[in-house]
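As a plain string of letters, each chain reads:
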Amino acid sequence: MLCQECQKRPATVHLTKIINNEKQVWHLCEQCAREKEEFNFDYPPFSLQSLLSGLLNMETQTEAQPVDYPTTKIQCDNCSLTYTQFRQIGRFGCSNCYTAFSDYLFPLLRRLHGSARHVGKIPKRADSTVQLRRNLENLRRKLQQLVEREEFEKAAQVRDEIRRLEKEVQNGGEDYEAKN
Amino acid sequence: MRQRIKAGVVSKWLENTGPDSEVVLSSRIRLARNLRNIPFPYLASDSQTAEVAKQVRGLLQEKPDVFADIHYYAVSELTPLERQALLERHLISPALLKEDHNSAVLLREDESLSIMINEEDHLRFQCLLPGLQLESAWKMADHYDNLFEEALDYAFDEQLGYLTVCPTNVGTGLRASVMVHLPALNLTKRLNRVLSAIAQVGLAVRGMYGEGSEITGNLVQISNQITLGQSDEDIIKNLFGVTKQIVEQELQARQILLNESRDQIADRVNRSFGILKHAHLMSSQEGMQLLSDVRLGIDLGLIEDKKGLALKELLVLQRPANLQLLTGKTLDVFERDRERAKLMRQYLA
């Protein structure tokens, strides 16, 4: 395809703009894209967003695989962004979108990060049971390591600690909060 | 901030200090945070982004002692030149140059901390320190993040962590990066090999001005890509470990240059030194390359540095917007080339 501006060089920059539900598609060569003022915004022509929507559309691109794509319209009830729009722009509309699109996010996050489970910092204000459950996970891992190393005495201590925490999780984390 | 730019006082990260500073120019930590259920800036209404800004201002006013050295600048109050100058100083992102969703930037006096409000995400904390100091930068960012969290309702999910506009930032919301000066790896034709090895361990490589910018002046930015499934500490440790390796590789390459082509390298860096000291017209691209050569010459002991030349700060002062604010004049491209050459001559005289 030739650049629609200069009609000379091959079009290598493809941009879809959606403003107020009006779709505009551009096919330009790099040089013409650079000259166009409106392309010099914060997202460069070969943007992360376009790569992302590529990743998101991978489900539909592999023909042999069953298509993992919602047939009914999925929309965030907080900001009104639809899953289709999300696939096009590669950006969420608000924090609630993560809940609204949760059924379809797992493969994307796995592709991007190799994981879909946060193990980093937790806000102090977050529900104290989050912290408790995190501690439990860490302890279970530690227990496994100790058992592998045959340090059974230490393992027994860790096991008791796990039992104590499990009880607290059942109590909704109140004891933990009171103690810490 | 305005006085500092006019007087040519540079940000903390441009000081010629810090561990491994012969190779590592700066370390940066960025944290992306958002407020629960308020649409993200690009989608939010004017009143919604105003609400975010209002909450942040409220927090600053509530604790004047804690935030005594932090200044709030609404982006709408900054001139285009000032915004550009802040970008050149790495204190704001390109997104804040044009878009303004009630955006603001909070700056600590020494410019080691900037917090962008209503950029891509509602909040972006950024700490920038000279040399290899990822750990210290992380502690600083973490500290301010905690202070904000006490007053603001962050969007956090137990399974997915901190929720961000872009799925590439979700989880820790952490981007750790270092800027390294690798002239010897480049001269010995090993740079590409090292860079592709870096990419293979899941780190991203970019030029000095981030995404899409070219590698000039032998300056390379390296940062983590993954934000989910790794703890903040692990992300920082990984980058630290890789950076240490790169420092070692670069120092080895410098030693090889000294041992095997001392005369050629001495000739090259001193020629560049001569041009910097005497030229009357200079593009910023050429300036970057010459500064890189001279810096290498000083590091190798091939150029005598009697005055402890602060070449690092010239990297930013010679950029178009900083140059214009420093000289107090609006300059076209040709005039900038002239003023830039003058700046270099005065500095090295």
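Bear in mind that the values here come from a model prediction, so they are computed numbers and not experimental data.

Novice: Help me out: how do you make sense of the interface of chain A and chain B in this one?
Specialist: Listed per partner, the contact involves 39 residues of chain A and 47 residues of chain B. Approximately 3,600 Å² of surface area, both sides summed, lies buried where chain A meets chain B, with 55% of it carried by carbon and sulfur atoms. Where chain A packs against chain B, one counts two salt bridges. Close ionic contact of D145(B) with K121(A) constitutes a salt bridge, the shortest N to O distance being 2.6 Å. Going through the elements one at a time, α2 (48-56), α4 (83-89), α6 (102-113) and α7 (128-148) of chain A are the ones with two or more residues in the side of chain A that touches chain B. When residues of the side of chain A that touches chain B are assigned to their parent elements, the largest contribution, four residues, is made by α6(A). Per-class residue counts for the side of chain A that touches chain B are 20 nonpolar, 11 polar and eight charged.

Novice: Honestly, the sheet that holds strand β10 (residues 219-224) of chain B in this entry has me stumped. Any pointers?
Specialist: Within a sheet, neighbouring strands are paired by backbone hydrogen bonds and run either parallel or antiparallel to one another. All names here are of chain B. As summarised here, the arrangement of the eight strands in space is β2-β3-β4-β5-β1-β8-β10-β9, forming an open sheet in which the pairing is antiparallel. Edge positions in the sheet fall to β2 (70-74) and β9 (203-206), since each of these pairs with one other strand and no more. Averaged over all pairs of adjacent strands, the angle between strand axes in this sheet comes to 20°, irrespective of strand direction. Bridge count for β2 against strand β3 (residues 104-108) is five bridges, and the pairing is antiparallel. If you follow I70 over to β3, its bridge partner there is R108.

Novice: What exactly am I supposed to notice about the state of the cysteines here?
Specialist: Note: disulfide means a covalent bond formed between the sulfur atoms of two cysteine side chains. Summed over all chains, the structure comprises zero disulfides over all chains. In this model C6(A) remains outside any disulfide bridge; the closest cysteine sulfur is found in C3(A), 3.8 Å from its own.

Novice: Sorry if this is basic, but what is going on with the pattern of salt bridges here?
Specialist: Opposite charge on two side chains lets them pair, provided their charged atoms get close. Residue and element names in this part refer to chain B. Within this structure, the stated rule accounts for 28 salt bridges over all chains. Among the salt bridges present, the one from R4 reaches E111, with a minimum N-O distance of 2.9 Å. Here R4, found in helix α1 (residues 2-6), pairs with E111, found in the loop between β3 and β4 (113-117); they are 107 residues apart in sequence, far enough to count as distant. Residue R4 is classed as partly exposed on the basis of its relative accessible area of 21%. Between D153 and R36 there is a salt bridge, with the nearest N and O atoms lying 3.5 Å from each other.

Novice: Sorry if this is basic, but what is going on with helix α9 (residues 284-299) of chain B here?
Specialist: For an α-helix, 3.6 residues make a turn, and residues three or four places apart therefore share a direction. Residue and element names in this part refer to chain B. The end-to-end C-alpha distance of α9 is 22 Å, a good match for the 22 Å that 16 residues give at a rise of 1.5 Å each. Judged by how many residues are buried, α9 sits mostly within the fold: 12 of 16 residues are covered. Listed in full, the buried residues belonging to α9 are S284, G287, M288, L290, L291, S292, D293, V294, R295, L296, G297 and I298. The inward-facing, buried residues of α9 contact β8 (174-181), α6 (183-187), β10, α8 (232-278), α10 (311-317) and α12 (333-348).

Novice: Hey, could you run me through the nonpolar core in this one?
Specialist: In a soluble, globular protein the nonpolar side chains are often hidden away together inside. Among the nonpolar cores identified, the biggest contains 95 residues, and I29(B), L106(B), F148(B) and I222(B) are the most heavily contacted of them. If you tally residues by element for this core, the top one is α8(B), at 13 residues. Once you skip the residues sitting within four places of it in the chain, L106(B) turns out to touch V56(B), L60(B), I70(B), H71(B), Y72(B), L113(B), S114(B), I115(B), I117(B) and F148(B). Listed in part, the 23 residues of the second largest apolar core include Y83(A), C94(A), Y98(A) and V165(B).

Novice: I tried to follow helix α11 (residues 320-327) of chain B on my own but got confused; where do I start?
Specialist: Within α11(B), burial applies to A321(B), N322(B), L323(B), Q324(B) and L325(B). After α11(B) finishes, the residue G328(B) shows a positive phi value of roughly 75°.

Definitions and limits used
As a convention, each chain's residues are numbered from 1 in the sequence order in which they are written. In the order they appear in the text, chains get letters beginning with A and ligands get numbers beginning with 1. Local features are withheld for residues below a pLDDT of 70 in this predicted model, meaning they are given only at 70 or higher, and side-chain atom pairs are given and counted only at 80 or more; totals for whole chains, interfaces and linings count all residues. Here the side-chain values reflect all heavy atoms present in the structure, with hydrogen atoms and water set aside. Two residues form a contact once any of their heavy atoms are found within 4.5 Å. By buried area we mean how much accessible surface two parts lose on assembly, using a 1.4 Å probe and totalling the loss over both. Here, a salt bridge means any side-chain nitrogen of Lys or Arg that lies within 4 Å of a carboxyl oxygen of Asp or Glu. Going along the chain from the N terminus, every DSSP run of H or I of four or more residues is numbered as a helix, and every run of E of two or more is numbered as a strand. Throughout this entry, Asp, Glu, Lys and Arg are counted as charged residues, while Ala, Val, Leu, Ile, Met, Phe, Trp, Tyr, Cys and Pro are counted as nonpolar. The remaining residues, Gly among them, count as polar. Two strands make a pair as long as DSSP finds a minimum of two bridges between them. A fitted line through C-alpha atoms represents every axis, and for helices the fit uses only the stretch in contact; the resulting angles, taken between N-to-C directions, go from 0 to 180 degrees. Working definition: a disulfide is two cysteine sulfur atoms within 2.5 Å of each other. Burial status follows relative accessibility: with a 1.4 Å probe on protein chains alone, a residue under 20% of its type maximum counts as buried, one over 50% as exposed, and anything between as partly exposed. The length a helix should cover is 1.5 Å for every residue beyond the first. For the purposes of this section, nonpolar cores are sets of buried Ala, Val, Leu, Ile, Met, Phe, Trp, Tyr and Cys residues that join through side-chain atoms within 4.5 Å.

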